[in-house]
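Inside the fold
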Amino acid sequence: MGVVYAKELPSNGPNQVDDSHSQHEVVEREEVEVDLAKTPAHVQKVHIDGLGRTKNDFVTDEVDELFKAENFEDMIKKCAETKMKLNNLGIFKKISILVDTSKGEKARPDGYEVTFKVEEMRRVGGTLNTHVGTNDGTVSVGAKLPNIFGRGEKFDATYTYGTKNTVGYNATFRRPLKINKKWSVSSSIYRYSGDFPWSGYSETNTGIDLNFNFKSIFGDHALGWDGVWRDLGCINRQTAFVVREQCGHTLKSSLKHTVVQDHRDNKILPNHGSYLRITEEFAGLGGDVQFLKHDMELQLNRSFILDTVLQLCLAGGVMKGLHGKTMLNDRFYVGGPLTLRGFNLRGAGPNSDGNSLGAETYLCGGLHMYTPLPFRPGKGGFGELFRTHFFVNAGNAVNVDFNTTAIENLQQLVDTVRLTYGMGVVLNLGGVARLELNYCIPVKSQPGDSVNPGVQFGIGVSYL
């Protein structure tokens, strides 16, 4: 890395003019190229101006790398990296950098002082957000208290109201760990209620959870315990008897681990990259719900000529009740405008009297081809948010018999598979959700399935 410095030198040649009233000096400019990578530079002092409630020991670790710089180029790079580290703490609103030569008795000729001028976030803030689920929109209002005790602690309180009779309250306290500030522990108290008309029941959950979030070479991890009191009720008189049998109160205490690897360039309409999520849950640490549950999701994206993208999506899961039957609100469900297209939400799998019962095993897949809109309207602008969408989806949800062989259970999954294909248009909604308008043609379904052939609309974040 180099930079050009301008140096002014006076000339004593013929261009110099003298008279009795004035003397004019013509200046020549000599350009000198300096290699910053070979220019010695050492940081002797680091100042952080603007700290109020933030404790000094919480930020000093973030600037240690600056003292290891040995040349000017390296020092500038480390200044930028340190600024990013301070910004990732989530406690500063603004951060600016000032680099100056060292001053004082111990100042070295190649010594520098770096000053970070910071502005802390307000003690109390408010939020107003909208969220999109699978054909469900919610609005949330909340208050947040960042950096409460000066070491990155954060408290959030949120109220959420949705379009499908969903109401929720949540209060969360989170604290980063000193050994690695990308790791954190958190605890939440929450209450959530919502209707599930596809299965004929409503659910109210009240609980508390403890979580440990950390990173490793395998991805982003979340390890937590959840204790929740659940209340299931019938929505109306048409609710199936099988659903009524499970209505009432249950107490679940579970350990859950999730690891995620996300290498996609865009979460909504990726052009390349992969995504992997693996979740394991064990319920039975007290309470009256006991099961083992495994769930996995994989997505692969590859771009080709003419801005064409091929996408492969796979998802599957299996669970086993440890004592008796599993509960409706713990099982897997298949079907919907963003998963198994051509079927209604929870429209494929075991059912009774029109109510979806869920299953203990599921397997879904999708093969997609995305292309730009015909004739590329709005190329380079608004039109880039749209993609033409061709897809084939297959999936199934069954209750396996663990007393039989794995081959027999797999054969059951294959024999009753659901299959659909179609085409449509996908819209990227600001990078936070996707909107799909598809024409679906279900090829294979099973008796009792809730099929939705023809035009289907879907909006959400998760998709297969």
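Now for a description of the structure that goes with this document. (Residues numbered from 1 in each chain as written. Predicted model: local features only at pLDDT ≥ 70, side-chain atom pairs only at ≥ 80, totals over all residues. Heavy atoms only, no water.)

Moving on, we come to the overall build of the protein chain. In terms of helices and strands, the protein chain carries 4 helices and 25 strands. Rg of the C-alpha trace for the protein chain: 30 Å, well past the compact-globule value of 23 Å for 464 residues, more than 25% over. Principal-axis analysis of the C-alpha atoms places the extent of the protein chain at approximately 110 × 55 × 40 Å. Out of the 464 residues in the protein chain, the part that is buried amounts to 38%. Of the contacts made within the protein chain by residues no fewer than 6 positions apart, 57% connect residues no fewer than 24 positions apart. Distance between charge centres in the protein chain, computed from 51 positive and 52 negative side chains, equals 6 Å. (Helix = DSSP H or I, 4+ residues; strand = E, 2+ residues; numbered from the N terminus. Rg over C-alpha atoms; globule rule 2.2 N^0.38 Å. Buried < 20%, exposed > 50% of the residue type's maximum accessible area, 1.4 Å probe, protein only. Contact = heavy atoms within 4.5 Å. Lys, Arg positive; Asp, Glu negative; His and termini not counted. Charge placed at Lys NZ, Arg CZ, Asp CG, Glu CD.)

Any two aromatic rings considered together are summarised by their centre-to-centre distance and by the angle between their planes. In total, this model carries 8 aromatic pairs according to the counting rule given. Considering the side-chain rings of Tyr159 and Tyr169, the 5.3 Å spacing of their centres and the 50° angle between planes classify their relative orientation as tilted. Placement of the pair is Tyr159 in strand 10 (residues 154–162) and Tyr169 in strand 11 (residues 167–176), with a sequence separation of 10 residues. These aromatic residues form a ring-pair network of at least three members: Trp183, Phe212 and Phe214. The ring of Phe58 has Lys181 sitting right over it, with the charged end atom 5.1 Å from the ring centre. In this structure, Arg341 is placed above the aromatic ring of Phe391, and the distance from its NZ or CZ to the ring centre is 5.5 Å. (Phe/Tyr/Trp six-rings, centres within 6.5 Å; stacked < 30°, edge-to-face > 60°. Lys NZ or Arg CZ within 6 Å of the ring centre and 35° of its normal.)

Let us now look at the environment of Val451. Secondary-structure assignment places Val451 in the loop between strand 24 (433–444) and strand 25 (454–460). Val451 sits in the partly exposed class, given a relative accessible area of 32%. The residues touching Val451, leaving out its near neighbours within four places in the chain, are Gly342, Phe343, Asn344, Pro442 and Ser445.

Attention now goes to the state of the cysteines. The final tally for this structure, using the stated rule, is 0 disulfides. Here Cys364 is not cross-linked by a disulfide; its sulfur's nearest cysteine counterpart is in Cys313, at 11 Å. Residue classification places Cys364 among the buried positions, given a relative accessible area of 6%. Cysteine Cys440 remains unbridged, with the sulfur of Cys364 as its closest cysteine sulfur at 14 Å. (Disulfide = S-S within 2.5 Å.)

Another point: the sheet that holds strand 6 (residues 92–101). The 3 strands are arranged 5-7-6 in an open sheet whose pairing can be described as mixed. Since the sheet does not close on itself, it has two edges, and those belong to strand 5 (42–49) and strand 6, each with one partner. Each adjacent strand pair in this sheet contributes to an overall mean axis angle of 20°, direction not counted. Where helix 2 (residues 72–88) meets the sheet, it contacts strand 5, strand 6 and strand 7 (111–120), and its direction lies at approximately 160° from that of strand 6. (Pairing = 2+ DSSP bridges. Axes fitted to C-alpha atoms, helices over the stretch in contact; angles between N-to-C directions.)

So, about the side chain of Asn329. Within the secondary structure, Asn329 is located in the loop between strand 18 (309–321) and strand 19 (351–352). Within the local environment of Asn329, its side chain forms a polar contact with the side chain of Glu203, the two groups lying 2.9 Å apart. (Polar contact = N/O pair within 3.5 Å; in protein donor to acceptor, adjacent residues only side chain to side chain.)

Turning to the environment of Lys106, a few remarks are in order. Of note, Lys106 is situated in the loop between strand 6 and strand 7. Each C-alpha atom, one on Lys106 and one on Gln44, is 9.2 Å from the other, the two residues being 62 residues apart in sequence.

The next point concerns the pairing of strand 16 (residues 273–287). As paired elements, strand 15 (residues 248–262) and strand 16 share 10 bridges and run antiparallel to each other. Looking across to strand 16, one finds that Asp262 is bridged to Tyr275. When strand 16 meets strand 17 (residues 291–303), the two strands line up antiparallel, connected through 11 bridges. Bridge pairing links Tyr275 to Gln299 in strand 17. Between the antiparallel neighbours strand 16 and strand 17 lie 3 residues.

Time to look at the pairing of strand 17. Bridge analysis of strand 17 against strand 18 gives 13 bridges, and the strand direction is antiparallel. When the sheet's bridge partners are listed, Arg302 is paired in strand 18 with Leu310. Connecting strand 17 to the antiparallel partner strand 18 that follows it, the hairpin turn spans 5 residues, and Leu306 within it adopts a positive phi of roughly 60°.

With that settled, consider unusual backbone geometry. Residue Arg346 is not a glycine yet carries a positive backbone phi of 55°. Considering the arrangement of structural elements, one finds Arg346 in the loop between strand 18 and strand 19. With relative accessibility at 17%, the residue Arg346 sits in the buried group.

For the rest of this paragraph, the subject is the environment of Leu36. Residue position: Leu36 is located in the loop between strand 4 (27–35) and strand 5. Residues Leu36 and Glu73, 37 residues apart in the sequence, show an inter-C-alpha distance of 5.1 Å.

Residues Met75, Leu86, Phe92 and Phe116 are the most contacted members of the largest nonpolar core, which totals 20 residues. Elements with a minimum of two residues in this core: helix 1 (56–60), helix 2, strand 6 and strand 7. Counting residues in hydrophobic clusters, the runner-up holds 17 residues, among them Ala315, Phe332, Val334 and Leu464. (Core = buried A, V, L, I, M, F, W, Y, C linked by side-chain atoms within 4.5 Å.)

Attention shifts here to helix 2. Across its 17 residues, helix 2 extends 25 Å between first and last C-alpha, which sits within 8% of the 24 Å expected from 1.5 Å per residue. For helix 2, every residue scored as buried is listed here: Phe72, Glu73, Met75, Lys78, Cys79, Thr82 and Leu86. Elements in contact with the buried residues of helix 2: strand 5, helix 1, strand 6 and strand 7. At the N-terminal end of helix 2, a side-chain oxygen is found 3.2 Å from the backbone nitrogen of Glu73, two or three residues along, and the residue is Asn71. At the C-terminal side of helix 2, Gly90 shows a positive phi close to 75°. (Expected span 1.5 Å × (residues − 1).)

Applying the stated criterion to the full structure yields 24 salt bridges. Here Glu73 and Lys77 are joined by a salt bridge, their closest N and O atoms 3.4 Å apart. On the criterion of helical spacing, the pair formed by Glu73 and Lys77 is a turn pair, its members being 4 residues apart in helix 2. With relative accessibility at 14%, the residue Glu73 sits in the buried group. On the basis of relative accessible area, Lys77 is assigned to the partly exposed category, the value being 47%. The partner of Glu297 in a salt bridge is Arg277, with the nearest N and O atoms 3.5 Å apart. In this pair, Glu297 sits in strand 17 while Arg277 sits in strand 16, placing the two residues 20 residues apart along the sequence. Its relative accessible area of 16% is what places Arg277 among the buried residues. (Salt bridge = Lys/Arg side-chain N within 4 Å of Asp/Glu carboxyl O.)

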